[in-house]
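Here is what each chain is made of, one letter per residue.
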Amino acid sequence: MCHFTQRSSALSFPKICDVFWRFHHTSASHLCSCSNTVSDEKYQDPFQLGRKDLKNLYEDIKKELLVSAAELKEMCDYYFDGKGKAFRPMIVVLMARACNIHHNNSKEVQASQRSVAIIAEMIHTASLVHDDVIDDANSRRGKRTLNQIWGERKAVLAGDFILSAASVALARIGNTTIISVLTQVIEDLVRGEFLQLGSKENENERFAHYLEKTFKKTASLIANSCKAVSILGCPDPKVHEIAYQYGKNVGIAFQLIDDVLDFTSCADHLGKPTAADLKLGLATGPVLFACRQFPEMNAMIMRRFSKPGDVERAWKYVLQSDGVQQTTYLAQRYCHAATREIRKLRPSPEREALVHLTEMVLMRDK
């Protein structure tokens, strides 16, 4: 179904042209069938199941950020206010439980597995702080960004400090394999940011470039965190691959929907300005799909929407095209692949919650 979701080491893009245009031209009725992934399953609320293991999550993160300087402490604690959904830690603890049950029917999350959830949230937040500096963003999660309040230099240092604290927590786990898996995330984040700064002239290469960037900036963290807890809970390499593939596919779908919301959600609801990606010069999925119907967008993409009126014109072209719809269908495909993977594990409430999570990713509106 998705030719480029089969390798764990990185995204592979064989025959990306064929894949891209097959997605673009496949009928809506066929693709929409992917959304009914859990219609015949017992409903399991991921957030209810994960709540026990995520209790005091942000308090524990703040304990990892012990620092004497009051200003630095305030900056580091700024996004760990407990108001987020803790999406990534929730996936990690559910995956930990699902893998533990699969291996020896253990229903408890190990301390080291919970540490991975904490570390994942810290790495994610540090990356947001740095992204906001690079993008000169002024809002995040409905409030002002660190760089707007404290300035770019201090924001960079705060992001560095959060990342260093995550590294210390990672070392404390004391497992070299886990350290190797999670440090790959940090490398991918940097490489993904560099990919985002570049572009491709060829349309099909451009789409492959976009998917690779999406994997490195968003999906790698989820994929490798899931893999890490599976390694801690089960010795079977097949289970590690299942966990990785589930996390990778869900992570890519999550970002695809995020890119859709940049065109469909109002700024107040989304917590950040809409058309933000276009203003940053980024051609995301909806733009790349729309470009097939409006070839004049190619020139705008290559100049990163830098001319007066480019952002507004591109916005209109996307909404007049089926770019949003096609990107949503592509996200459905990735979620369908994630569901196929996780169902290879032994049945459990946590497994079904992870299945249901794929639908939540598709239906989210912020």
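Since we're looking at a predicted model, the values are computed, not measured. (Residues numbered from 1 in each chain as written. Predicted model: local features only at pLDDT ≥ 70, side-chain atom pairs only at ≥ 80, totals over all residues. Heavy atoms only, no water.)

Account for the overall build of the chain, naming residues and giving values.
Helix and strand counts for the chain come out as 19 helices and 2 strands. Counting the 366 residues in the chain, one finds 57% classified as buried. Long-range pairs, those at least 24 residues apart, make up 75% of the contacts in the chain with a sequence separation of at least 6. Put simply, the chain shows about 15,700 Å² of open surface, and 52% of that area lies on carbon and sulfur atoms. (Helix = DSSP H or I, 4+ residues; strand = E, 2+ residues; numbered from the N terminus. Buried < 20%, exposed > 50% of the residue type's maximum accessible area, 1.4 Å probe, protein only. Contact = heavy atoms within 4.5 Å. Areas by Shrake-Rupley, 256 points an atom, 1.4 Å probe, with all protein chains shown as cover.)

Got a sec to walk through empty space enclosed by the protein? Specific residues and values, please.
If you walk through the whole model with that rule in mind, you get 2 cavities of 30 Å³ or more. Considered as a void within the structure, the largest cavity measures approximately 180 Å³ in volume. In terms of lining, the largest cavity is formed by 16 residues, of which the most central are Gly198, Ser199, His209, Leu282 and Ala283. At the level of secondary structure, the elements contributing two or more residues to the lining of the largest cavity comprise α10 (176-197) and α11 (203-233). Per-element tally for the lining of the largest cavity: the top contributor is α11, with 4 residues. A class-by-class count of the residues in the lining of the largest cavity yields 6 nonpolar, 6 polar and 4 charged. (1 Å grid on protein atoms, 1.4 Å probe; cavity = no way out; pocket = protein on both sides within 12 Å on 5 of 7 lines; lining within 4 Å. Points joined across faces, edges and corners; volume = space filled by probe spheres on them. Nonpolar A, V, L, I, M, F, W, Y, C, P; charged D, E, K, R; others polar.)

How would you sum up the layout of surface pockets? Please name residues and give values.
Empty space left among the atoms is revealed by rolling a probe the size of a water molecule over them. What the second largest pocket holds in volume is close to 240 Å³. What lines the second largest pocket is a set of 13 residues, and nearest its centre among them are Ser127, His130, Ile186, Leu189 and Val190. Here the lining of the second largest pocket gets 6 residues from one element, more than from any other, and that element is helix α7 (residues 111-135). Counted by class, the lining of the second largest pocket contains 8 nonpolar, 2 polar and 3 charged residues.

Could you give an account of the packing of aromatic side chains, with specific residues and numbers?
Under the defined criterion, the tally for this structure stands at 8 aromatic pairs. Clustering of aromatic rings is evident, with ring pairs tying together Tyr78, Tyr79 and Trp150. Its end group placed over the ring of Tyr78, Lys143 keeps NZ or CZ at 4.1 Å from the ring centre. The ring of Phe254 carries Arg364 above its face, with NZ or CZ at 3.7 Å from the centroid. (Phe/Tyr/Trp six-rings, centres within 6.5 Å; stacked < 30°, edge-to-face > 60°. Lys NZ or Arg CZ within 6 Å of the ring centre and 35° of its normal.)

Would you mind going over the side chain of Glu341 in detail, with residue names and values included?
Tracing the backbone through its elements, the reader meets Glu341 in helix α18 (residues 323-342). Note on Glu341: relative accessible area 11%, which makes it buried. Setting aside chain neighbours within four positions, we find Glu341 in contact with Ile242, Gln245 and Tyr246.

Outline a nonpolar patch on the surface, supporting the account with residue identities and numerical values.
Residues Ile134, Val190, Phe194 and Leu197 make up a contiguous nonpolar surface patch of about 430 Å² in total accessible area. Broken down by element, the nonpolar patch gets its largest block of residues, 3 residues, from α10. Mapping Val190 onto the fold places it in helix α10. Judged by its relative accessible area of 46%, Val190 is partly exposed. (Patch = residues over 30% accessible without salt bridge, like charges linked within 9 Å, V, L, I, M, F, W, Y side chains within 5 Å. Salt bridge = Lys/Arg side-chain N within 4 Å of Asp/Glu carboxyl O.)

Any functional reading would require information that these geometric values do not contain.
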